[in-house]
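Each chain, letter by letter, is given below.
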Amino acid sequence: AEVLAAAGYATGYIGKWHLDGHGREAYIPPQRRQGWDYWKGAQCDHNYNHAHYYTGDSSEKCFWEGYDAIAQTRDAQAYLAARARDERPFALMVSYGVPHFPHATAPQEYKDLYPPQDIKLAPNVPTEWREKARQESQGYYAHCTALDKCIGDIMKTLDETGLAENTILVFTSDHGESMGSHGCPPLQKQVAWDESAHVPFLLRWPAIHGRRGRKIRTPLTTPDVMPTLLGLAGAAAPKSTEGEDLSRVVRGEGEADRAALYMSVAPFGSGQDMKEYRAIRTSRHTYARDLSGPWLLFDDVADPFQMDNLVGKPEHAALQRELDARLQTELRKIGDDFQPAGHYIEAWRYDIKPHGSVSYEPGAKMQSPRRK
């Protein structure tokens, strides 16, 4: 938003912020909003039927009416209608809280679409987690279906206001949930398997794609989003930007052979799989190391449910060496020597709460140790 604002864009943010480290219900003043001008946001609120937010320069707590995703969508539609009357370009981010747990709080009309006994689970869900997974999946799918309706409403507004043709619309997420896969509890995230780590990235821009869709297999990860969108918008990314500009791929100028880096630096929660790791995803494979060495290797085309770990198998030794080298290359690019979680907690002066949330010590420098 800071870059686009400098390029003449109006900027707006609606919904969950969850990155400031000052408490889940804390007011976020304008100087900490990182370039977003229009503002109806809150740190974090999982009470989706009575969710709070702050707006403008006021520290007075407000509440969304009813189910927050629907109310936030209505606000986004109003913002788009206002922008359609202005020639200034805009950037709007709508940050929905759902389909995050608690899943049972989804609207009943959508829960009714998914009777738990009719839900088909993935083959990698062990027997002991199946009942719980079906219960949680009902609400999860209900939240997703409600969100589908919200996104459809936004797309309809773009069409009705004449904005659709030259507006880039992106739908993505920060994580999935395990839902019992690989023996992980249904609410577990932060693990390296696809159910948690592989999220959607849907991009719609009729001006270059028309109304025809296509699937891109080039993997993209969070730091790539900013330079890619700036590349599509014709705005220069700062030299300090991490990630790769993949706008050429979006424009249809060929796929890229790349390894997308992802990781868990300081996981919280219990379980044998809640541990530090570094991983890459290519167009075909997932490879991960934990602190003891190679951990996971999957052929995601032949084994989409990631049930056959190829690490240590002699017939796949060459592939493992190749992917390990690619992982090390990506880590060197960002100066990451893969230390235990405690190293980063101490270096960044994080305060870890008993339930796993992170806040900053007073006076801590909120910047990467690499950039002191």
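Look up: the structure comes first, before these words.
I will try to describe carefully the structure that is included in this document. Computed from a prediction, not measured in an experiment: that's the story for all the values here.

Digging into the overall build of the protein chain
The helix and strand tally for the protein chain stands at 10 helices and 13 strands. For 372 residues, the compact-globule estimate of 2.2 N^0.38 gives 21 Å, and the C-alpha radius of gyration of the protein chain, at 21 Å, lies within 12% of that figure. Burial status across the protein chain gives 43% buried among its 372 residues. Within the protein chain, contacts between residues separated by at least 24 positions form 58% of all contacts whose residues are at least 6 apart in sequence. If you sum the accessible surface of the protein chain, you get close to 19,700 Å²; carbon and sulfur atoms cover 51% of it. Where the 44 positive side-chain charges of the protein chain centre and where its 50 negative ones centre are 3 Å apart.

Re the sheet that holds strand β10 (residues 285-290)
Strand order in the open sheet formed by four strands is β8-β9-β10-β11, with antiparallel pairing between adjacent strands. Strands at the two margins of the open sheet, each flanked by one partner only, are β8 (260-264) and β11 (293-299). The mean inter-strand angle of the sheet, taken between neighbouring strand axes irrespective of direction, is 15°. As paired strands, β10 and β11 are joined by six bridges and run antiparallel to one another. Along β11, the bridge assignment pairs Ala288 with Leu296. On top of the sheet, helix α9 (residues 317-333) reaches β8, β9 (277-281), β10 and β11; it is set at about 70° to β10, its chief contact.

Remarks on the pattern of salt bridges
Across all of its chains, the model carries 21 salt bridges by this definition. Asp20 serves as the salt-bridge partner of Arg32, at 2.6 Å between the closest nitrogen and oxygen. Here the residue Arg32 occupies a position in the loop between β1 (10-16) and β2 (38-42), and Asp20 occupies one in the loop between β1 and β2, the gap between them amounting to 12 residues. When its relative accessible area of 4% is taken as the criterion, Asp20 is described as buried. Two residues, Asp290 and Lys275, come together in a salt bridge whose shortest N-O distance is 2.8 Å. Placement of the pair is Asp290 in strand β10 and Lys275 in the loop between β8 and β9, with a sequence separation of 15 residues.

Examining the sheet that holds strand β4 (residues 62-63)
Pairing is mixed in the open sheet, where five strands are placed in the order β4-β3-β2-β1-β5. Either end of the sheet is taken by a strand with one partner, and the two such strands are β4 and β5 (90-95). The pairing of β1 with β2 spans five bridges and is classified as parallel. Across the sheet, residue Lys16 finds its bridge partner in β2, namely Ala42. Of the strands in this sheet, β1, β2 and β5 are in contact with helix α2 (residues 68-83), which crosses β5 at around 175°.

What about the side chain of His143?
The residue His143 is located in helix α4 (residues 130-161) in this model. Side chain to side chain, His143 and Tyr67 meet in a polar contact 2.7 Å long. Those residues in contact with His143, other than ones at most four positions away along the chain, are Tyr48, Tyr67, Val98, Pro99, His100, Pro102, His103, Thr105 and Ala106.

Analysis parameters
Residues numbered from 1 in each chain as written. Predicted model: local features only at pLDDT ≥ 70, side-chain atom pairs only at ≥ 80, totals over all residues. Heavy atoms only, no water. Helix = DSSP H or I, 4+ residues; strand = E, 2+ residues; numbered from the N terminus. Rg over C-alpha atoms; globule rule 2.2 N^0.38 Å. Buried < 20%, exposed > 50% of the residue type's maximum accessible area, 1.4 Å probe, protein only. Contact = heavy atoms within 4.5 Å. Areas by Shrake-Rupley, 256 points an atom, 1.4 Å probe, with all protein chains shown as cover. Lys, Arg positive; Asp, Glu negative; His and termini not counted. Charge placed at Lys NZ, Arg CZ, Asp CG, Glu CD. Pairing = 2+ DSSP bridges. Axes fitted to C-alpha atoms, helices over the stretch in contact; angles between N-to-C directions. Salt bridge = Lys/Arg side-chain N within 4 Å of Asp/Glu carboxyl O. Polar contact = N/O pair within 3.5 Å; in protein donor to acceptor, adjacent residues only side chain to side chain.

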